[in-house]
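Architecture at a glance
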Amino acid sequence: MAEQESLEFGKADFVLMDTVSMPEFMANLRLRFEKGRIYTFIGEVVVSVNPYKSLNIYGRETIEQYKGRELYERPPHLFAIADAAYKAMKRRSKDTCIVISGESGAGKTEASKYIMQYIAAITNPSQRAEIERVKNMLLKSNCVLEAFGNAKTNRNDNSSRFGKYMDINFDFKGDPIGGHISNYLLEKSRVIVQQPGERSFHSFYQLLQGGSEQMLRSLHLQKSLSSYNYIHVGAQLKSSINDAAEFKVVADAMKVIGFKPEEIQTVYKILATILHLGNLKFVVDGDTPLIENGKVVSIIAELLSTKTDMVEKALLYRTVATGRDIIDKQHTEQEACYGRDAFAKAIYERLFCWIVTRINDIIEVKNYDTTVHGKNTVIGVLDIYGFEIFDNNSFEQFCINYCNEKLQQLFIQLVLKQEQEEYQREGIPWKHIDYFNNQIIVDLVEQQHKGIIAILDDACMNVGKVTDAMFLEALNSKLGKHGHFSSRKLCASDKMLEFDRDFRIRHYAGDVVYSVIGFIDKNKDTLFQDFKRLMYNSSNPVLKNMWPEGKLSITEVTKRPLTAATLFKNSMIALVDNLASKEPYYVRCIKPNDKKSPQVFDDERCRHQVEYLGLLENVRVRRAGFAFRQAYEKFLHRYKMISEFTWPNHDLPSDKEAVKKLIEQCGFQEDVAYGKTKIFIRTPRTLFTLEELRAQMLLRIVLFLQKVWRGTLARMRYKRTKAALTIIRYYRHYKVKSYIHEVARRFHGVRTMRDHGKHVKWPTPPKVLRRFEEALQAIFNRWRASQLIKTIPASDLPQVRAKVAAMEMLKGQRADLGLQRAWEGNYLASKPDTPQTSGTFVPVANELKRKDKYMNVLFSCHVRKVNRFSKVEDRAIFVTDRHLYKMDPTKQYKVMKTIPLYNLTGLSVSNGKDQLVVFHTKDNKDLIVCLFSKQPTHENRIGELVGVLVNHFKRLTDWDTRTGGREAFSPARWGEESGAVVVHCFFYPATPTRGLHFKEKLCPCDPGVPSVIAICSSFSPQRKPCTRTVEQILEVHKAKSRGGGIRGALCWP
Ligand SMILES: Nc1ncnc2c1ncn2[C@@H]1O[C@H](COP(=O)(O)OP(=O)(O)OP(=O)(O)O)[C@@H](O)[C@H]1O
Ligand SMILES: [Mg+2]
């Protein structure tokens, strides 16, 4: 039910009428027409009244209002029905069709164009070029078809004189990808003759009015319409159509669609040929007919790209094959005229069909692969000539009205009959609604053997001269008793019918009197073979292609072609079958008056149309019926997510029960009926609400599915990771185990090996065991060391410990640590070192032992030092476990200075060969000396001194000698600068630095060359703090020693 419209405009849906009666229906229709509301719904059918004025209701804004909306959400409109058809097609992948019916001038063609425009406007949101191209072609093809297939009639200035059914193909996304046009029975008799007040097809007038001078000249045409016999009847008629402007539009459209220039040219040539043909006159000379205006023949020959004599021959003779002989039979004048007219009609019809074929070639769906692009769906739009009652109704009207009977039958079938039958079948309580079933009239026309068409075909097949009157006679005898057929002979009192000429059919839309004149000829539709051959032999390939059957040789016997009426009947049956296979939507057009006036609502005319269109019955069925129905299973499939009883699967005894439960849960039980296999929903609103609920649930379902799927993915990932970790764990175990096994294998029996496994190569451990390996190696090394130590005599152990200490301290810092020799320690007492003096030293040592109560002698040795006057002096040092003594060897080892060992804070040595050593003291009175050995000369004892002292202090304290020294400053940089790396051994933690002080001494052992600098820090207030950096000091001294370099540098902070 339509909404959004105030009641002042009447009821938007006839279903809302208070009583279903003709007066109320008409009153509503009239009110709406007068208020400018030309559309009204009957459920899903749109009733449209021709406004005869342009309305501003087809623009972009209106399109937006209808796009994607449900039918009843907006006021009635063509767009609503177009959208419904489009949605059905998209949502349910259903082929749909929109059948537009109504009498001539009711607005069918206009409606079909608006529908096409709407579909074009709402599709292809992604602006794909190919789709735009297809849409453009579909829209443009309309104007070409109208130019060649429409004409001004007394009822309609732009009356379609052919039937058109257009399929638009859509891809799975709902975008148009192509189309196909089927055309039905062009009223070709119009080419040669028109009723008063009517015109021939627009194309002729367009050419003459719109073609350029030059073009007309080349076609041997002149602008004046009245010069041409075939069109002069309507030449003076005023019409709303601007032919000249239309000519350009059509020419452009042909170009856009893809007609080649030579094709367009041929089209104009054909039109010109027809106009010239109409001017041909035959005169009789004795018995022989001649062409009066021979010049026209040569023009025609030129236009058709053939020879003049061949044209002339085709017009005056016909070739007849009698047995093996071929003779040219001369026409009578009448036959010549008939032949000429038949030729004109045939080439126009051929041209029209060729145009449709060309358009189809261009717009047809190409390269569509359903496996790739999904199902290709179709919306068909049928715009076919409406019911016609003229003053003089001939064969064409008979066909057209038969076509309307067929379509009405389809409407009845789908909307009235099937619907009611379905309610009965489904067991829905239903009171039958009566309607007039026009099947009886359809049968009257098309029934085999008995129908009018069959009788007409029989008459045409008779050999010998059969007249139209004879055909009428046959009708009278065969159909005399038919309730919908009558003639003067059957009803002598009916003065409206002429004897031997007229018959009347009571059509569903009204009585129509047909004149039989021309029925036989038009049905036979004879065209002499000579014309076909003439056209086939044209040197214009476009023309030649239009007439392939001209290829047949004269003697070839061809099957009798189907008659025009039978061809039309077959095409109608096919059309109706095609429409019946689709979901139909109806637009019922009504013509408000015969004056083309926007003001007049002719009650009588409209009531008649409402009656014959069966609209009232439509309302009744609709009101009593249901807007929607669907099999339970399908219904559940679409809406089961709405209810927890049905989602994801129901456990009720049947789908029907499940649907009931679902509907009750939504509260729609009043608006539905349950059939045997289907649910019936009365109002579209319910369906819409279901759709809305579904859409809401879909979101949640999508989220739910995503959740489940993500969970599944995560679980799968977790399991994989867990499995991988298990594998890794086992692999690691395996690696560790094999490493341990390998170590065990390699070190098996290591106790018995001579080197206690020193040579055994350690296997590469897995990464995780690196630290373990280090520890293991340490254990092993300690074990091996213990094994080695076991072999060392106890007396040698102190020496070994001292050597180890020296090595720990100086390894890598000094080249020679003297590890290879035995460390004597007390060199002053050992004879080889001091054969002359040791005698004097020993008593001094003993005296000191007595006095100072030392237990062990750690070291003694001769040394040299440089005094402040740079004089070298010999001295000796004597280190016991209590003191460090400086002695004068020249004075019987007189003690010159005694430093308690606990006053020593550190020891600095260089990394050079020199034996310089600095004893750092707490009171900063460092003792700087150079060890000096006489026997053997220059034996390096620095290693020994460091080892012995470090070993001694190690046993007393627990400091780390190495780090303290290294971190104090950077010996490496000094090394780079001076070639000297200084090693520091700090016996006690270093004192904080306040500033640098330095003393300079000459090397006491090698006084010739380099200087030795000792830089020391001090708290002593009398020393000046040094402001220079160590590097600067070194630079100075490098310069001082004139390139001699610095052999040793001793520094400490
Ligand atoms: N919606 C409309 N708005 C304005 N004018 C309209 C509308 N519909 C129809 N007309 C007018 O009515 C005329 C006839 O309409 P149309 O050609 O569509 O009739 P038809 O039903 O196709 O007739 P036929 O059967 O003769 O082809 C149009 O040329 C136009 O002037
Ligand atoms: Mg039309």
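Note that residues are indexed from 1 along each chain, following the sequence as it is written. Each chain is given a letter, starting from A, and each ligand a number, starting from 1, according to the order in which they appear as written. Local features in a predicted model are, by the rule used here, given only for residues with pLDDT of at least 70; side-chain atom pairs are given and counted only at 80 or more, and totals for whole chains, interfaces and linings are based on all residues. As a rule here, side-chain values come from all non-hydrogen atoms in the structure, and water together with hydrogens is ignored.

1. Here's the deal with the site of ligand 1
The condition is simple: Here a residue is considered near a molecule or strand provided that any single heavy atom belonging to it is located within 4 Å of it. We call two N or O atoms a polar contact when they sit within 3.5 Å, provided that within protein one can donate a hydrogen and the other can accept it, with sequence-adjacent residues counted only if both atoms are side-chain atoms. All accessible areas in this document rest on Shrake-Rupley with a 1.4 Å probe, and a residue is counted as covered only by the protein chains that are shown. Strands here mean DSSP runs of E at least two residues long; helices mean DSSP runs of H or I at least four residues long; both are numbered from the N terminus. As a working rule, the residues Ala, Val, Leu, Ile, Met, Phe, Trp, Tyr, Cys and Pro are called nonpolar, Asp, Glu, Lys and Arg charged, and the rest polar, with Gly in that last group.
Near ligand 1 you find 19 residues, and of these S104, K108, T109, S159 and S160 are the closest. N50 is positioned with one of its side-chain polar atoms (N or O) 2.7 Å from an oxygen atom of ligand 1. A distance of 3.4 Å is found between an oxygen atom of ligand 1 and a backbone nitrogen or oxygen belonging to N158. With the chains in place, 87% of the 620 Å² that ligand 1 exposes on its own is no longer accessible. Secondary structure elements with two or more residues in the shell around ligand 1: α4 (108-122) and β5 (159-160). At 4 residues, the largest contribution of residues to the shell around ligand 1 is made by α4. Residue composition of the shell around ligand 1, grouped by class: 5 nonpolar, 10 polar and 4 charged.

2. Overview of the packing of aromatic side chains
The condition that has to hold: Two rings belonging to Phe, Tyr or Trp (six-membered ring only in the last case) form a pair when the distance between their centres is within 6.5 Å. Interplanar angles under 30 degrees mark stacking, angles over 60 mark edge-to-face geometry, and anything in between is tilted. Burial classification: accessible surface area is computed with a 1.4 Å probe over protein chains only, and a residue below 20% of its type maximum counts as buried, one above 50% as exposed, and the rest as partly exposed. By definition here, charges over rings are those cases where NZ of Lys or CZ of Arg is within 6 Å of the ring centre and within 35 degrees of the ring normal.
All chains considered together, the criterion is met by 38 aromatic pairs. Judged by centre distance (5.8 Å) and plane angle (85°), the ring pair of F398 and Y514 falls under edge-to-face. Of this pair, F398 sits in helix α14 (residues 395-425) while Y514 is found in strand β15 (residues 510-515), placing the two residues 116 residues apart along the sequence. Classification of Y514 as buried rests on a relative accessible area of 0%. Centroid distance W762 to F780: 5.7 Å. Interplanar angle 75°. Geometry classified as edge-to-face. Of the two residues, W762 sits in the loop between α26 (684-746) and α27 (770-791) while F780 sits in helix α27, which places them 18 residues apart along the sequence. For the pair W762 and F780, one class covers both residues: buried. Taken together, the ring pairs in this structure connect F395, F398, F471, F485, F503, Y514 and F519 into an aromatic cluster. Between R588 and the ring centre of F411, over which it is positioned, the NZ or CZ distance is 3.7 Å. When the ring centre of W823 is taken as origin, the NZ or CZ atom of K803, which lies over that ring, is 5.5 Å away.

3. Considering unusual backbone geometry
Here the residue pair W647 and P648 is connected by a cis peptide bond, since its omega of -5° sits within 30 degrees of zero. Relative to the helices and strands, P648 resides in the loop between α24 (632-639) and α25 (655-666). Within the chain, N124 stands out as a residue other than glycine whose phi angle is a positive 60°. Residue placement: N124 occurs in the loop between α4 and α5 (129-149). The buried category is assigned to N124, whose relative accessible area is 0%. Its identity is not glycine, yet D500 carries a phi of approximately 55°, on the positive side.

4. What about the coordination of the magnesium ion (ligand 2)?
Which entries qualify depends on this criterion: Listed donor atoms are N, O and S within 2.8 Å of the metal (Na, K and Ca: 3.2 Å). As water is not included, a site may look incomplete.
Looking at the metal site, the magnesium ion (ligand 2) is ligated by T109 (OG1) and S160 (OG), spaced 1.9 to 2.1 Å from it. Note that T109 is positioned in helix α4 and S160 in strand β5, a separation of 51 residues in sequence. Neither T109 nor S160 differs from the other in exposure class; each is buried.

5. A few points about the nonpolar core
Quick reminder of the rule: We define a nonpolar core as any set of buried Ala, Val, Leu, Ile, Met, Phe, Trp, Tyr and Cys residues linked to one another through side-chain atoms lying within 4.5 Å. Note on contacts: a residue pair is in contact if any heavy atoms of the two residues lie within 4.5 Å.
Formed by 117 residues in total, the largest nonpolar core has its most connected members in F148, F204, Y268, Y348 and L351. If near-sequence neighbours (up to four positions away) are discounted, F148 is found in contact with L186, F201, S203, V250, V267, L271, Y348, L351, F352 and I355.

6. Focus: the pairing of strand β12 (residues 377-383)
How we decide: If DSSP finds at least two bridges between two strands, the strands pair.
Along β12, 7 of the 7 residues are buried, which leaves the element largely enclosed by surrounding structure. Of the two faces of β12, both are covered, the one formed by T377, I379, V381 and D383 as well as the one formed by V378, G380 and L382. Of the strand pairs in this sheet, strand β3 (residues 96-101) and β12 are connected by 5 bridges, and their pairing is parallel. Within β12, the residue paired with V99 across the bridge is L382. Two elements, strand β6 (residues 163-170) and β12, share 7 bridges in a ladder whose sense is antiparallel. Considered in β12, the bridge of F170 is made with T377.

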